[in-house]
Each structure stands twice: as C-alpha cells, then as structure tokens.
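Structural features, examined
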Amino acid sequence: VDNIVEKLKNNPQIKQAAKKLIQNEVVAFPTETVYGLGGNAGSDEAVEKIFTAKGRPSDNPLIIHIADRGQMDSFVTDLPEVALQLMDAFWPGPLTLILQKKEQALSEKATAGLGTVGVRMPDHPVALAILKECGLPVAAPSANSSGKPSPTTAEHVAADLNGKIAGIVDGGPTGVGVESTVLDCTSPVPVILRPGGVTKEQLEEVIGRIEVDPALMGAETKPKSPGMKYRHYAPEAPLYLVAGGIEGVQRVAQKYRQEGKRVGILATDESAPLYEAELVLACGERSRLETVAASLYDTLRLFNDHQLDLILSEMFPEEGVGHAVMNRLMKAAGNKVITD
Ligand code: TXA
Ligand code: MG
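Residue positions are given per chain, counted from 1 along the sequence in the order it is written. Throughout, the order in which chains and ligands are written sets their labels, letters from A for the former and numbers from 1 for the latter. The predicted origin of the model limits local features to residues at a pLDDT of at least 70 and limits the giving and counting of side-chain atom pairs to 80 or more, whereas totals for whole chains, interfaces and linings rest on all residues. The side-chain values count all of the structure's non-hydrogen atoms but skip hydrogen atoms and water molecules.

Here we look at unusual backbone geometry
Put simply, tryptophan 91 and proline 92 share a cis peptide bond, and its omega is -10°. Numbering of helices and strands starts at the N terminus; helices are DSSP runs of H or I of at least 4 residues and strands are runs of E of at least 2. Here proline 92 shows up in the loop between helix H4 (81-90) and strand E4 (95-100). One non-glycine residue, asparagine 24, adopts positive backbone phi at about 65°. Positionally, asparagine 24 belongs in the loop between helix H2 (12-22) and strand E1 (27-30). The rule is simple: take the accessible area with a 1.4 Å probe, protein chains only, and divide by the maximum for that residue type; under 20% is buried, over 50% is exposed, in between is partly exposed. Assessed through its relative accessible area of 16%, asparagine 24 is described here as buried. Of note in this structure, asparagine 335 is not a glycine but carries a positive phi near 65°. Among the structural elements, asparagine 335 can be located in the loop between helix H10 (322-332) and strand E15 (337-338).

Right under this line is the structure:
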C-alpha cells in the first residue's frame, strides 16, 4: 500500500487536489468509508467553506484526517494507552478517536469550539496520497448535503455539491459504505458515540470493555456526538422500518397499496423476489451484512428517482456492522418503526 500511495502522490489530479487544500479551497475525495469533503483544518476560511457547501449546522464538529501519527503532536495533548493500542490495531481504518485537543490548535470552527477533537487515518490510497502530498491535517465531513445520505460514489458527491466546491477526485465506489466508528477516549471507559466500520466486538477484543452512548439505543438523552442529534441519511419519501420479518413487510406493503399508496421496499438479495410493490430494491445480502453496509446509501438515494408515497425497510440484526446499518436506517426513518 505504501508503494501505491507514493506513486499516487505524483498523479496530476492528486497534486492538484493537494494544491487546492493548501490554498484553503475545499475538495472531495474518496476514503474507505464514504467520500469526504476536505479542507485545511488549521484555516477558519477553509472550514467555513465546508460548512457552507454542506449546509451543515456549525455546532457539529468535523473529523480531522491525518496520514502520519506525528501530525497529531501539534493538536492533541495526550494520548491515552487505549488510544495507542487502537491505533496499532485499526489505523489506517474506519475508526475515529475523540481525544483532548491542545488549546489554540486547529480552527475553532472545525471542532465547533469543543475541547476535544476527532481524529482518524483513512485506509484509502487516494486519501492517504492527498493527505501526504498537502502535509496538512484535513477536516473532512462526509461530502453530502447535510441531511442527505452520505456519498459512496463521486456521482453522489456531484449530485449534492456540484458548483459549490473546488473539485472532486473520483476513486470509484467506496468499500465499507458506512462512516467510521466514533469512539470517545477521553472518559475512563471508552464510549462509542457512533457505530461504524469497526465493530464493538472488534474494539473489545483489543481493549476490553467499552460502553455505548445511551442516546444511540433510543434513550431520550442528549447524544454526546453532536452529529447524532440531527435527522440524517433520509430519502425524500418517508421511510419506515417494519418489524416481523418478510411477512411483516409484505402485510404492511399490502395495506398501504390497497389504500392507493405508491410503496417502495428496501429488501435484500434474498427477499426482493418475494415482494410486490411499486419499487423493490435489494440492498446487499442479508447473510453478509457488510454488503448491506456497502450498498445502503446508494440504495437510499435510488428511491428518490421514483415518485413514492412511502418506503418500507426490513430490519437487520444488531451485530457486527449491523449496528451501524440499523443506526443509519433508524436515523433515516426518524426512529419510526411499524410493529403491526
Ligand atoms: O467515515 C467517516 O468518518 C467520514 C469520512 C469522510 O472520514 N467522515 C464523517 O464525518 O462521517 P461527519 O462529519 O459526517 O461525521 C462526524 C461525526 C459527527 O457525528 C460528529 O458529531 C462527530 O463525528 N464528532 C466529530 N468531532 C467530535 C468531537 N470532538 N466530539 C464528539 N463527536 C465528534
Ligand atoms: Mg456525515
């Protein structure tokens, strides 16, 4: 991988993207999770451009992307032992660590004025090459309009942000498909603030017990990750999760269709042939949840090409990357679950 990254640094598109970042312009690029919209994390001007292009609320902090651990020295105060163990195990990779931030380091706007900072090293040769070539810590939220599903292709980015940003580096579809896991390492027992590409089970194998922010499990408390309080990932028609497996979805779909409603169904390869509705889309294989994660945001976007009154979605087991899939679906549905 190091060789690929070194070669890519000489690619004209990557050189151009790095140059724009140094000039405080904002550029979209692929990571292993979703496309990010990058800007110089040390520049208020660049960070403001990110918030403006996305239409993102200013109280929602950005993740800082780095290519070398040494880059953290300038903006992180101390690295707890657990953080070091996790970096050894999962970086580069889909894990964001929340750490104590040095005062006066980075743009205050990037961290939304918090005393902490989220950091990750992405596992994508294009992202790493851009980060190395510009040498900056790069603030990068997902490169979608705020509220829309995150982008897993350059086409998704263009659909949302064309004309609003300085460029898009196309690296094809991303692999993981859901965002990084956000883990708060500033409390005695680390806490998952957002489930993502690295699973709770994988984290616990390395550092033992961790906690999950109660707000993620539907509790009516204020989430610690500011981003988790907003409605997100939503297609245009209202989305409902339906309990009761395939039969549950069939029953609810039939009821709405009898009322004359145009129904879309988010199914899987296994179940799609069993449904009757105006639009049935298979989102990966239920027997391999990583394929569901990889297709989720593209599938949610595809529903928008059809005039639907509502979308019904199957539910998924909350194990492994299924945690992240269910978290995003629940947010897309505004927590609406039909239990029959
Ligand atoms: O996979 C990813 O993480 C992608 C790619 C582009 O790297 N990025 C991404 O960024 O998903 P964004 O901005 O869409 O989501 C960042 C999440 C938000 O929920 C935000 O509230 C949380 O991380 N976050 C960032 N800094 C934080 C902090 N200091 N404390 C708590 N939560 C933080
Ligand atoms: Mg996002």
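Here we look at the confidence of the model for the chain
Predicted confidence across the chain gives a mean pLDDT of 95, with 96% of residues reaching 70 or more. Predicted complex metrics record ipTM = 0.99 and pTM = 0.95. Scored between 0 and 100, pLDDT is the confidence that the predictor attaches to each residue.

Details of the UniProt feature "binding site: ATP" (unreviewed entry) in the chain
UniProt positions are given in the numbering used here, feature names are shortened, and annotations may be inferred rather than shown by experiment. Taking the numbering used here, the UniProt-annotated feature "binding site: ATP" (unreviewed entry) corresponds to Arg56, Asn60, Thr116, Ser142, Ser150, Arg194 and Tyr233. Over a stretch of 178 residues, the named residues are scattered through the fold, their C-alpha atoms separated by up to 25.4 Å. For asparagine 60, the location among the structural elements is in the loop between helix H3 (44-54) and strand E3 (63-65). For asparagine 60, a relative accessible area of 7% translates into the label buried. Position of serine 142 relative to the elements: it lies in the loop between strand E6 (138-139) and helix H6 (154-161). Under the relative-accessibility criterion, serine 142 is labelled buried at 16%. Throughout, a residue-residue contact means that at least one pair of heavy atoms, one from each residue, lies within 4.5 Å. When residues no more than four places from it in sequence are discounted, the contact partners of serine 142 are Val34, Tyr35, Gly36, Leu37, Lys54, Ser150 and Pro151.

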